[in-house]
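Residues per chain, in single letters:
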Amino acid sequence: MYINRNIESVLLKRAKNSRCILVTGARQVGKSTLLKTLFPNVRYVTFDDKLLLSTAIEDPKLFIKNLPKPSIIDEVQYASEIFPYIKIECDTPNMYENYYLTGSQQMSLMSKVQESLAGRISILELQGLSLRELGGIKFNKHFVPTEEYISERELYLKPYNNAHVR
């Protein structure tokens, strides 16, 4: 069962105007599941597949050239050699298909991405499931300690709170 994530609207908006998107986060937070759910018709490749990984490392230019666009590339931190070639593709005029990348939140990955794809990539961090996501609560505003914020939040939480009263 898929649980809707609060980051979905941001990701969909950025997909319309970004040529490359990186979803980072800790292991097992749902990065791949999120992308495969939101973009079910997009080609998915994972560098957990050792054959694909070795191909990407040995000939990154050919790997990217043969990859259909758009594509989801999972566990991209294992083959940072592809970043310069993704950059070249992103710089192609009239190229609006996206590369959707996932990677664990490692400082080395972030520095390589920012160095190679500066100005061409949108980076989103996916956290673990929140109580709002688990409860299906649609209220998703930044916390502002005002009476208005608390009142509006309570309207969304009331059905949830009543369902859990024993």
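Provided above is the structure to which this section pertains.
Residues numbered from 1 in each chain as written. Predicted model: local features only at pLDDT ≥ 70, side-chain atom pairs only at ≥ 80, totals over all residues. Heavy atoms only, no water.

Visitor: It is not clear to me how the sheet that holds strand β1 (residues 20-25) should be interpreted in this structure. Could you clarify?
Guide: Remark on secondary structure: sheet strands pair via backbone hydrogen bonds, oriented parallel or antiparallel. If you walk across this open sheet you meet the five strands as β2-β3-β4-β1-β5, and the pairing is parallel. A strand with exactly one partner marks an edge of an open sheet, and here the two such strands are β2 (43-46) and β5 (121-125). This sheet shows a mean twist of 20° between the axes of neighbouring strands, independent of strand direction. Pairing geometry for β1 and β5, over five bridges, is parallel. Across the sheet, residue Cys20 finds its bridge partner in β5, namely Ile121. In this fold helix α2 (residues 31-38) packs onto β1, β2, β3 (71-74) and β4 (99-104), with an angle of close to 165° to the strand it touches most, β4. Those strands touched by helix α5 (residues 83-90) are β1, β3 and β4, and its axis lies near 155° from that of β4. (Pairing = 2+ DSSP bridges. Helix = DSSP H or I, 4+ residues; strand = E, 2+ residues; numbered from the N terminus. Axes fitted to C-alpha atoms, helices over the stretch in contact; angles between N-to-C directions. Contact = heavy atoms within 4.5 Å.)

Visitor: How do you make sense of the pattern of salt bridges when you look at a structure like this?
Guide: Where charged atoms from two side chains of opposite charge come close, those side chains can pair. Applying the stated criterion across every chain yields a total of two salt bridges. Of the charged contacts in the structure, one is a salt bridge between Arg5 and Glu133, with a shortest N-O distance of 3.1 Å. With a gap of 128 residues between them, Arg5 in the segment before α1 (8-17) and Glu133 in helix α7 (residues 131-135) connect regions that are remote in the sequence. The buried category is assigned to Arg5, whose relative accessible area is 8%. Assessed through its relative accessible area of 9%, Glu133 is described here as buried. A salt bridge links Glu89 to Lys69, with the shortest nitrogen-to-oxygen separation between them at 3.2 Å. In this pair, Glu89 sits in helix α5 while Lys69 sits in the loop between α4 (60-66) and β3, placing the two residues 20 residues apart along the sequence. When its relative accessible area of 13% is taken as the criterion, Glu89 is described as buried. (Salt bridge = Lys/Arg side-chain N within 4 Å of Asp/Glu carboxyl O. Buried < 20%, exposed > 50% of the residue type's maximum accessible area, 1.4 Å probe, protein only.)

Visitor: In this structure, what is going on with the nonpolar core? I would like to understand it.
Guide: Nonpolar side chains in soluble globular proteins tend to end up buried together. Counting residues in each nonpolar core, the largest one holds 20 residues, and the members touching the most others are Ile73, Ile82, Ile86, Tyr99 and Leu101. Of all the elements in the fold, those that place two or more residues in this core are β1, α3 (50-58), α4, α5 and β4. Of the residues forming this core, the biggest block, three residues, is contributed by α5. Non-local contacts of Ile82, meaning those with residues more than four positions away in its chain, are made with Phe47, Ala56, Pro60, Phe63, Ile64, Ile73 and Val76. In this structure, Ile7, Leu11, Leu38 and Phe39 belong to the second largest nonpolar core, which totals 15 residues. (Core = buried A, V, L, I, M, F, W, Y, C linked by side-chain atoms within 4.5 Å.)

Visitor: Please clarify how the environment of Arg19 should be interpreted in this entry.
Guide: In this structure, Arg19 sits in the loop between α1 and β1. Each C-alpha atom, one on Arg19 and one on Asp91, is 9.0 Å from the other, the two residues being 72 residues apart in sequence. Within polar-contact distance, the side chain of Arg19 engages the backbone oxygen of Cys90 at 2.6 Å. (Polar contact = N/O pair within 3.5 Å; in protein donor to acceptor, adjacent residues only side chain to side chain.)

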